[in-house]
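# Observations on the three-dimensional arrangement
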Amino acid sequence: VPAFWSAVNFIAGTLAKLPVGVFDETEEGKTRVTDGIATMLSRYPGGRWTSYSWRKYLFYQVLTHGRSITLIQRDGNQNIMRLVPLDTTCVTVSTIAGQMRYHYAEKDGGKPIGTYLPEDVIDITFLLDDDRVEHYSPVGMCRNAIGLALDIERYGAGFFQNGGVPPLSLQGPFQSPGAVKRAADDVWQAIKTAMRGNRNVLTMPLGHELKAIGFDPDKGQMVDARRFQIEEIARIYSLPPVFLQDLTHGTFSNTEQQDLHFVKHTLTDWIRQFEEEVSLKLFAADSPDRVVRMNVDGLLRGDFTTRMTGYATAVQNAVKTPDECRDLEDLPRMGGEAALLHVQGATVPLGQQADNGEGQEND
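Counting starts from 1 at the beginning of each chain's written sequence and moves along it residue by residue. In keeping with the predicted nature of the model, local features appear solely for residues at pLDDT of at least 70, side-chain atom pairs appear and are counted solely at 80 or more, and the whole-chain, interface and lining totals rest on all residues. Side-chain measures here rest on the full set of heavy atoms in the structure, leaving out hydrogens and waters.

This part takes up the environment of Q245. Numbering of helices and strands runs from the N terminus, with a helix taken as a DSSP run of H or I at least four residues long and a strand as a DSSP run of E at least two residues long. Structurally, the position occupied by Q245 is in the loop between α7 (222-236) and α8 (252-283). The spacing of Q245 and A3 is 242 residues in sequence and 8.7 Å in space, taken between C-alpha atoms.

Put into structure tokens, the structure is as follows:
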């Protein structure tokens, strides 16, 4: 189903392209960390995977199977070496003496490969079951809606593969099976000739009648049904229909609002789960103040005007230094005053406006 395929790829791709950073958050403020684990999360988790490909695969697994498992490989000194995404369909989760275990095996019930503790895996789920071990799959829970979309897709494909000609029934006083076959062949030959663009007239002998079997797609509201299934699939993922290329009810204003809805109510849910799960599994034991953060501002990468306006506001109000803004644009730092916070000096209490640049108080 194109709408389902588009929804999964759009959400997974959007989450995968957001910048990821590691920070130490203390009472004194937030400081960016640039150690090996930070590089692993933002660029190369390990092996052939990039940060983008790993995160897109991670969220693809969640949005289809309902769960994603990434193995945290450590060396003998318990230092993190790499992050390895596992095939969710090969992982079985169980509890032993109240402790969760992740059993990884070869595909289709093959030999076991390993059993891992919760602290050794990054586990992100679409929705946990009541036992807090198993999970719900969006495909399984919404199979009827997806199945209806599949049925409509198949019907439409079959209809047009047949040249848009519905199944036909030829009725008449046939005297033998051979006569039935010859009549059917004549009708089909006439239809094929017409489909090739040649003129052909099909005549019915007296007492014979040609009728269509099934229903007319227009009368069956197939187009409306397909459009409704797009909305149903959008509901599964809390995704505004405009992102599935459905602009049936789209206007300039409500499309912009749907864009905000997507960031505020759909993306933030997945971002929060990713940040907290990764922070817990990678840093909670040794560095409780260290956290992972995904930067939603990365969505403005293709919007130059909005980006520049935001930088100007941040610099003029002492929120960011010019060098910090240059970092976000992949430009070299200038140093000096560019490393300092700036604030405009034009806003002063009434009666203290500058006089000829001297800044003396007015009478």
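Either a parallel or an antiparallel arrangement is found when strands of a sheet pair, and the pairing is made through backbone hydrogen bonds. The rule for pairing is simple: two strands pair if DSSP sees at least two bridges between them. Pairing is antiparallel in the open sheet, where three strands are placed in the order β4-β3-β8. Each edge of the open sheet is held by one strand with a lone partner, namely β4 (80-86) and β8 (121-125). Across the sheet, the mean angle from the axis of one strand to that of its neighbour is 20°, orientation sign disregarded. Where strand β3 (residues 67-74) lies against β8, five bridges are found, and the strand directions are antiparallel. Counted as the bridge partner of I69 is D123 from β8. In this analysis an axis means a line fitted to C-alpha atoms, helices contributing only their contacting stretch, and an angle means the value between N-to-C directions, from 0 to 180 degrees.

On to the pairing of β8. Taking burial as the measure, the five residues of β8 include five buried ones, the bulk of the element. The rule is simple: take the accessible area with a 1.4 Å probe, protein chains only, and divide by the maximum for that residue type; under 20% is buried, over 50% is exposed, in between is partly exposed. Of the two faces of β8, the one holding V121, D123 and T125 and the one holding I122 and I124 are both buried throughout.

All right, on to unusual backbone geometry then. Phi at S238 takes a positive value of approximately 50°, unusual for a residue other than glycine. Considering the arrangement of structural elements, one finds S238 in the loop between α7 and α8. For S238, a relative accessible area of 35% puts it in the partly exposed group. You will see that A318, though not glycine, has its phi angle at about 60°, which is positive.

Now for the pattern of salt bridges. A pairing counts as a salt bridge when a side-chain nitrogen of Lys or Arg comes within 4 Å of a carboxyl oxygen of Asp or Glu. Per the counting criterion, the structure on display carries 16 salt bridges. Note that R67 and D123 form a salt bridge whose closest N and O atoms lie 2.7 Å from each other. Here the residue R67 occupies a position in strand β3, and D123 occupies one in strand β8, the gap between them amounting to 56 residues. According to the relative accessible area criterion, R67 is buried, its value standing at 2%. The buried category is assigned to D123, whose relative accessible area is 11%. The salt bridge involving D327 is made with R333; its shortest N-O contact spans 2.5 Å. Given a relative accessible area of 34%, D327 falls into the partly exposed group. Take R333: its relative accessible area is 51%, and that puts it in the exposed class.

The next point concerns helix α1 (residues 2-16). One fewer than the residue count of a helix, multiplied by 1.5 Å, yields its expected span. Counted at 1.5 Å a residue, the expected span for α1 with its 15 residues is 21 Å, and the 21 Å between its end C-alpha atoms agrees. When we look at burial in α1, the residues that qualify are A3, F4, A7, V8, I11, A12, G13, T14, L15 and A16.

Looking now at the environment of A234. Here A234 lies in helix α7. For A234, a relative accessible area of 3% puts it in the buried group. Residues A234 and A3, spaced 231 residues apart in sequence, show a C-alpha to C-alpha distance of 8.0 Å. Only heavy atoms matter for contacts: two residues are in contact if any of them lie within 4.5 Å across the pair. In contact with A234, other than residues within four places in its own chain, are L239, P241 and L244.

Before going further, it helps to examine the packing of aromatic side chains. Two rings from Phe, Tyr or Trp (for Trp, the six-membered ring) form a pair when their centres are within 6.5 Å of each other. A pair whose planes differ by under 30 degrees is stacked, one over 60 is edge-to-face, and the rest are tilted. Under the definition given, this model contains eleven aromatic pairs. Geometrically, the ring pair formed by W49 and Y57 is tilted, given 5.4 Å between the ring centres and 50° between the ring planes. Classification of W49 as buried rests on a relative accessible area of 16%. On the accessibility criterion, Y57 (23% relative accessible area) is partly exposed. With a centroid separation of 4.9 Å and 40° between ring planes, the pair formed by F243 and F262 is classed as tilted. Pair noted here: F243 is in the loop between α7 and α8 and F262 is in helix α8, with a separation of 19 residues, a long-range link. With respect to class, F243 is no different from F262; both count as buried. Grouped by ring-pair contacts, the aromatic residues F4, W54, F59, F126, Y237, W270 and F274 constitute a single cluster. Put simply, a charge is over a ring when the Lys NZ or the Arg CZ is close to the ring centre, within 6 Å, and near the line of the ring normal, within 35 degrees. The lysine or arginine in question, R48, covers the ring of W49, its NZ or CZ lying 4.6 Å from the ring centre.

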